Amino acid sequence: MNTVKLRRPDDWHVHLRDGAALAAVVKFTAQRFGRAIVMPNLKPAITTVAAARAYRARILAAVPEHMRFEPLLTLYLTHDTMPDEIDRARATGFIHGVKLYPAGATTHSDAGVTDIAKVYRVLARMEETGMPLLVHGESPHPEVDVFDRETHFIDAVLQPLLERFPSLRVVLEHITTVHAVEFVTHARAGVAATITPQHLLLNRNAIFSGGIRPHYYCLPILKRERDRLALLGAATGGNPRFFLGTDSAPHSQASKENACGCAGMFTAHAAIELYAEAFESAGRLDRLEAFAGHFGADFYGLPRHDDTITLLKESWVPPEVYDFGDGALVPYRGGESIAWRLAESGAT
Ligand code: NCD
Ligand code: ZN
């Protein structure tokens, strides 16, 4: 197969940042995806409908004029979030999820939740109104091994939460382990997961190949090869619980190449192309369209797109750095080749 035509996909988990950084990156997402679930972990975090409305306007203003792109906003859950805010969010029509960051788990998560019981009232309102809970599923406690944080969170927090709120719709974001794949596969109805391109293409050896490689550091951290294979099986298996979410998370070169480097990989410049590589490696390019363009839309109760994009089997080399407002941005595979290319117009 040298050409793959897909119903236009959506990205169900992306970080677009704000200001000059937003202006530098949003075009990459808008070129490929019709919609994206935009993460709220800005400084300050997007915790209210008013903040989400203003952020949405800034995103739309940064999208190049000829591109059609719909940002789907999210609220950042804190101990101060009121149940009424959920009703207001529902009423906007542009807020599609509420994000749970365990405090300390990842970039800009310090305003997040330290004790899940403190947000039960909000979760109950979300359950009632059908507002999805999007979960960064890692236990942040220092005594939990960094490679076990997802597993620990699933067993200690998520499983009891799904029982306490039996109709709450939940997306376990950017899953990374065999355990998460098995958990989501067998979970009750209303539970789904996103999978990133880097977790389909890389294992944790990438972080240490020939030296320490900060550009392969993201959270949840890359795991073992057997985990990667389980994720690839889940993504390409045709199960509608698993869908595309890049977790493209741009940070400046200076903050990545640093004694205390930030977590996050930037993949938006080649997102769907990278998934095509992963699906091709499993001999399942035929399943890419549903993973990228059907299952997420169905889960979120949104229509599938009716236009398409075309991918060509022609290798290309992304630049080593992109502009990132004040600094530079090192993309995944910068200066290295990628096997699939997005056809020029992006659409056919
Ligand atoms: C994300 C970021 O930089 O905002 N980083 C990451 O490593 N994925 C936050 C997140 O999704 O954990
Ligand atoms: Zn993320």
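Everything numeric in this text was worked out from a predicted model, so none of it was measured.

Asks: Looking at this structure, I do not really get the packing of aromatic side chains. What am I missing?
Replies: All chains considered together, the criterion is met by 13 aromatic pairs. A centroid spacing of 6.4 Å and a plane angle of 75° characterise the contact between Trp12 and Phe243, whose relative ring orientation is edge-to-face. A residue pair is termed long-range when its members are at least 10 positions apart, and Trp12 in strand β2 (residues 11–14) and Phe243 in strand β9 (residues 242–244) qualify at 231 residues. Accessibility assignment for this pair places Trp12 and Phe243 in one class, buried. Geometrically, the ring pair formed by Trp12 and Tyr300 is stacked, given 4.7 Å between the ring centres and 10° between the ring planes. Highlighted residues: Trp12 in strand β2 and Tyr300 in helix α12 (residues 295–300), separated in sequence by 288 residues. Taken as a pair, Trp12 and Tyr300 share a single burial class, namely buried. These aromatic residues form a ring-pair network of at least three members: Trp12, Phe243, Phe299 and Tyr300. Above the face of the Phe299 ring, Arg169 is positioned so that its terminal group lies 4.2 Å from the ring centre. Just above the ring of Phe147 sits the side chain of Arg204; from NZ or CZ to the centre is 4.5 Å.

Asks: How should I be thinking about helix α1 (residues 19–32) in this particular structure?
Replies: Since one α-helical turn is 3.6 residues long, residues separated by three or four positions face the same way. Along its length, α1 reaches its greatest deviation from straightness, about 35°, at Val25. All of the buried residues along α1 are Ala21, Leu22, Ala24, Val25, Val26, Phe28, Thr29, Ala30 and Arg32.

Asks: How do you make sense of the site of ligand 1 when you look at a structure like this?
Replies: Residues in close proximity to ligand 1 total 15 residues, the closest being Asn41, Thr106, Leu219, Asp247 and His251. Residue Thr106 places a side-chain N or O atom 2.7 Å away from an oxygen atom belonging to ligand 1. A distance of 2.8 Å is found between an oxygen atom of ligand 1 and a backbone nitrogen or oxygen belonging to Leu219. Across the complex, the protein chains shield 100% of the 320 Å² of accessible surface that ligand 1 would expose by itself.

So, how was this worked out
Residues numbered from 1 in each chain as written. Chains lettered and ligands numbered in written order. Predicted model: local features only at pLDDT ≥ 70, side-chain atom pairs only at ≥ 80, totals over all residues. Heavy atoms only, no water. Phe/Tyr/Trp six-rings, centres within 6.5 Å; stacked < 30°, edge-to-face > 60°. Helix = DSSP H or I, 4+ residues; strand = E, 2+ residues; numbered from the N terminus. Buried < 20%, exposed > 50% of the residue type's maximum accessible area, 1.4 Å probe, protein only. Lys NZ or Arg CZ within 6 Å of the ring centre and 35° of its normal. Bend = angle between axes of the 7 residues up to and from the residue. Near = heavy atom within 4 Å. Polar contact = N/O pair within 3.5 Å; in protein donor to acceptor, adjacent residues only side chain to side chain. Areas by Shrake-Rupley, 256 points an atom, 1.4 Å probe, with all protein chains shown as cover.

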